[in-house]
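Here is what each chain is made of, one letter per residue.
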Amino acid sequence: MPFEDVLPLSPRSFYILLVLAEGEAHGYAIAQAVAAATGGSVQITPGTLYPIVRQMLADGWIAETTGTNDDPRRRTYRLSPRGRRIAQAEAARLEQAIRMAHRCKLLPASTPA
Amino acid sequence: MNALRMLFALLLLAYPGEFRREYRSEIMADLEERHEPRLLLHAAWDLVVTAIGMRVEWLWRDLEYAVRMLRKTPVFTAVVVGTLALAIAGNAVVFSILDTVLLKPLPYANADRLGILSIIPNADSLGTNRLESLTMKDARRIFAASHAFGAMTTASFDNSRMRAGSNQRVVGRVSVSPNYFAVLGVRPELGIFFQKRGMATNQAVISDALWHSDFGAVPTILGRHIVLDRMQYTIVGVAPRGMVDPLPSTLLADDVWTNASKPAVASAQGVALSPAVFPIVSLRDGTNWNAARADISRINQNKAGPHAPGEPSNTYDVRSLSAAIFGSARRFLFVVFAAVSGVVLIACANVANLLVARAAARDGEFSVRSSLGATGRAIYAQVMCETLVLAFCGSVLGLLLAGAALPAALSAMPAFPRAPSTTLNLSVLLYVCGLTVAVTILAGLLPAIWRAAVSGGGFANERGVVRGSGVRATLVGAEIAIACTLLVCSGLLLRSFVTMTKVNVGFDSRNLYAAQFIEQTPGGELRNQHPMLARRIAQRIREIPGVQGASIAQMVPFSHAFSMRATICIAGRPASLSGPANLKNEVGINAVSPNYMRLMKIGLPRGRAFIGEDTTGPPVAIVDRAFVKRFFPRGNALGKRIGCVPAHAWRIVGIAADTRDSLTGASQPLVYVPFTDQPTPFFQIVVRTARGASPLAKDVGAIVRQLDPSLGTPPIVSLPDSMAQDTSRTRLSLLLLGALAVLALVLALAGVYSIVSYSVQRRYHEIGIRMALGAHPATILNRIVARALVQSAIGIGVGIVMSAFATRAIADQLFQTSPFDATAFAGTTLLLLSCSAFAAVVPALRIIRVDPAVTLRYE
């Protein structure tokens, strides 16, 4: 499995990568998108968001874009190729686990893809 | 909303500055979008939690980095940690012992309002710090005439034989007046202390230790009877654990306190023996020690006051209990405190030195890091972390070392009453650790501060280095000065100690023991024993295999058992000079058997020894040289008549060499008389044998049981041991100061070594160029060593001046040694110069290995 040293991701990190996989976003937009996608069950507050963002920037998973913003205080982030590969690896890992959950009848049997 | 904003702005301060500066505005912008109170609360909580988490994580990372950096330089780390540990352990041990032996408050409720009355020693007795005891009569008179004292109690100390059931042993006994415990302010652990009511009965209070060892600590002990010297006592109470008696020279843990004292004794020669009584007084409410002293000097001046007409007017003195017990120890305590602080300073200076040198050597690393964008603060943080790790490791190691060293230190120490209960003192540990850690951190940050001050950027940082080396040289100079002072003081103490062990006591103490016999009737009277019994016991002891000789004497030097003193008068001299109870005419009287001088190996320069017929013939005496010097300054003593009562005068038939009863005091005039056939209340048998104390005690015990079972087992005193006790104070001082001085010397030499080693390392390049240009290595080596020696010499100079002041503080610890003893001063100078030369030459020798070609390519 590639990226063994960073996987599994924390749920929050994974959601952030997922949101950015859809396109560039600024911090608040990321938090809102995650809340909307999970029906409000996952709330990412600024206190948790920005330390993660800082670390991802340092590790080269995401990058700042030069895209303009309505609010000059905000910065916009995009997924880097490396971040994309990590998100893919995590998704594959989760998919494997889900398939197993189906086989073990933990989830209703799915129609074969 | 504004209030909320301010709250969040405050919360943001919890983050590390670097993160806060980067994301503050973004976070604030996010928060402004949120309006739901629940979400805001959640956000606030998250802020705090993640901020703390981030701080811990960053600190951990810095610490990890620090440990990694320190592991790269194991020698440096080991030296710093070792130095810190030594300083911490040494000081913790020394302070803990001092604290227990000297500083712990006396265990009495009103200790600071208690004092001891004494006679000011007359000019002839040189033991200036000794308290002369006075008689009960004197004490009562002073108390009655004074206004400052609210209560007085008395105590006298001796040994007694105790019988409880079938159990017999010798116990330390204190005969006290009934208000003794009340005046001291000590409460019983069990039962009561003496009652005024029922004084007719003999009551005893036993110590907690005795209660546990001999009575199984049963609460039913009260009301039981014990026999002390054939007198029956009822146990009425148990003293609290750790109860000690305020004996002026030291503190004693005794076993039994009784309300009835041994009655005064009259000896065979008609000499009155007065038991040594220590009157303890307590200040009346509303008075202080100044008033009490004024009161006493008024009594001293008022000749009509306490003494009856015709009696000599003694000069009395009152001292507070702590002054009487610890008086001269105070100053020494200060000396040890100064010495300990000196060693801490040296250790800290060494650590500072090493840290400064390391910082200078890491100039390159720091420059690279700053040019890569590390802020000054990050470099501070890193240096701080490294110093913290060093200080922490040093402290932990120091504590472990202290724990291990304390038992060793205690066993190496002469026996002091409260020493064995020493435990490591927590506050002392905290103090020493705190001090060293603070200095370490300061020293660690100093170079970083200099760097900030000369932040010219780039690699050049010559100013910082120059400043650092100046400070380093000063530090080493100071270390040498402190070490020098300590060495001089220890040297003086060593000389004193050696002088003391070489004191001629006038007899050969090797393998000498004294068995002590004293007997009381059930009524408390001293029972006179037939001298024949003493002779028979002595004869039987002589027959024990391995015993070289045994002799009877009433007083044996250093046995500290009985003291017989009498006022002497000289036939044909006017009475004014030989008035009663005049201290000037007081001499010691010793009744001995004929072979005593031969056994003790006491010289007899003139006249003859006693012979068997002296006990029945006309009374004769032998006097010692001190007696001749005082009473017959022109030396024509032989044949003269002396006596305590004119009717019974002894003719002087011999003059003996002086013997001493203490190593430091002057010899008192002594008169030997024959051990006669008249009954005597006490005697000692002095035995010379190589067999050792306990086999001798067993054999003597068996002999005594055979001859007179009622005598019990006599206590046996080893005279060499008893003499060693006299040197114990000096030995303790020597041990403490000596250990500190050696520590100081080693640390200071390490300082010299490191500064030379460092300067050689710094100048590798320069030395290479010089050698390439034709300089001889020896010339360069000479220059480096000479500079180190000049620094040491300056340090020694300052140290000698400091010593001149410091040695005065230990002057009263010195015995026949001047505080300005030239040998100690010169020896220290020589020792320090040669040691620092050695410490400088060893690292400088590396120059010889410098290869110009390699050095020039380096960099």
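Residues numbered from 1 in each chain as written. Chains lettered and ligands numbered in written order. Predicted model: local features only at pLDDT ≥ 70, side-chain atom pairs only at ≥ 80, totals over all residues.

Caption draft 1: Quick peek at the interface of chain A and chain B. Every contact between the two is made by 14 residues of chain A and, on the other side, 16 residues of chain B. Tallied by class, the residues present in the side of chain A that touches chain B amount to 4 nonpolar, 5 polar and 5 charged. (Contact = placed C-beta atoms within 7 Å. Nonpolar A, V, L, I, M, F, W, Y, C, P; charged D, E, K, R; others polar.)

Caption draft 2: Up close: the sheet that holds strand β2 (residues 62–64) of chain A. All names here are of chain A. Taken together, 3 strands build an open sheet; the order of strands is β1-β3-β2 and the sheet is antiparallel. The open sheet is flanked by β1 (25–26) and β2, the only strands paired with a single partner. Sheet topology note: the β1/strand β3 (residues 76–79) ladder contains 2 bridges and is antiparallel. If you follow Ala 25 over to β3, its bridge partner there is Tyr 77. (Pairing = 2+ DSSP bridges. Helix = DSSP H or I, 4+ residues; strand = E, 2+ residues; numbered from the N terminus.)

Caption draft 3: Here's a closer look at the pairing of strand β23 (residues 682–689) of chain B. All names here are of chain B. Of all the 8 residues making up β23, 7 are buried; the element is thus mostly covered by neighbouring parts of the structure. Here strand β14 (residues 547–553) pairs with β23 via 6 bridges, running antiparallel. Each residue of the ladder has a partner; that of Ile 552, found in β23, is Ile 685. (Buried ≥ 20, exposed ≤ 12 C-beta atoms within 10 Å, placed from the backbone.)

Caption draft 4: Representation of the environment of Ser 551 of chain B. Residues and elements named next belong to chain B. Checked against the element boundaries, Ser 551 lands in strand β14. For the pair formed by Ser 551 and Ile 685, sequence separation is 134 residues and the distance between their alpha carbons is 5.5 Å. Each residue touching Ser 551, except ones within four places of it in the same chain, is listed here: Ala 538, Val 592, Ser 593, Asn 595, Tyr 596, Leu 599 and Val 686.

Caption draft 5: Fine view of the packing of helix α1 (residues 2–12) of chain B against helix α3 (residues 37–72) of chain B. All names here are of chain B. It is the contact of α1 with α3, at a shortest axis distance of 9 Å, that shows an interaxial angle of 20°. Judged by the angle between their axes, α1 and α3 are roughly parallel. For the element pair α1 and α3, the recorded crossing hand is left-handed. Within the contact between the two elements, α1 uses Leu 4, Phe 8, Leu 11 and Leu 12 and α3 uses Leu 40, Ala 44, Leu 47 and Val 48. (Axes fitted to C-alpha atoms, helices over the stretch in contact; angles between N-to-C directions. Parallel < 35°, antiparallel > 145°, perpendicular 65-115°, else oblique. Left-handed = near helix turned anticlockwise from the far one by under 90°.)

Caption draft 6: Structural view of unusual backbone geometry. All names here are of chain A. Following Leu 7, the chain continues to Pro 8 via a peptide bond in cis, the omega torsion being -10°. Note on placement: Pro 8 falls in the segment before α1 (11–22). Positive phi is not limited to glycine here, since Lys 105 has a value of about 60°. Tracing the backbone shows Lys 105 in the segment after α4 (81–103).

Caption draft 7: Spatial organisation of the confidence of the model for chain B. Residue and element names in this part refer to chain B. Put simply, chain B has an average pLDDT of 77, and 81% of its residues get 70 or more. Within the model, pLDDT remains below 50 along residues 304–312, and this stretch shows 13 contacts once partners closer than five positions in the same chain are excluded. Across residues 576–582, where pLDDT falls below 50, the model places 11 contacts with residues more than four positions away in sequence or in other chains. Here the predicted complex carries an ipTM of 0.79, next to a pTM of 0.62. (pLDDT = per-residue confidence, 0-100.)

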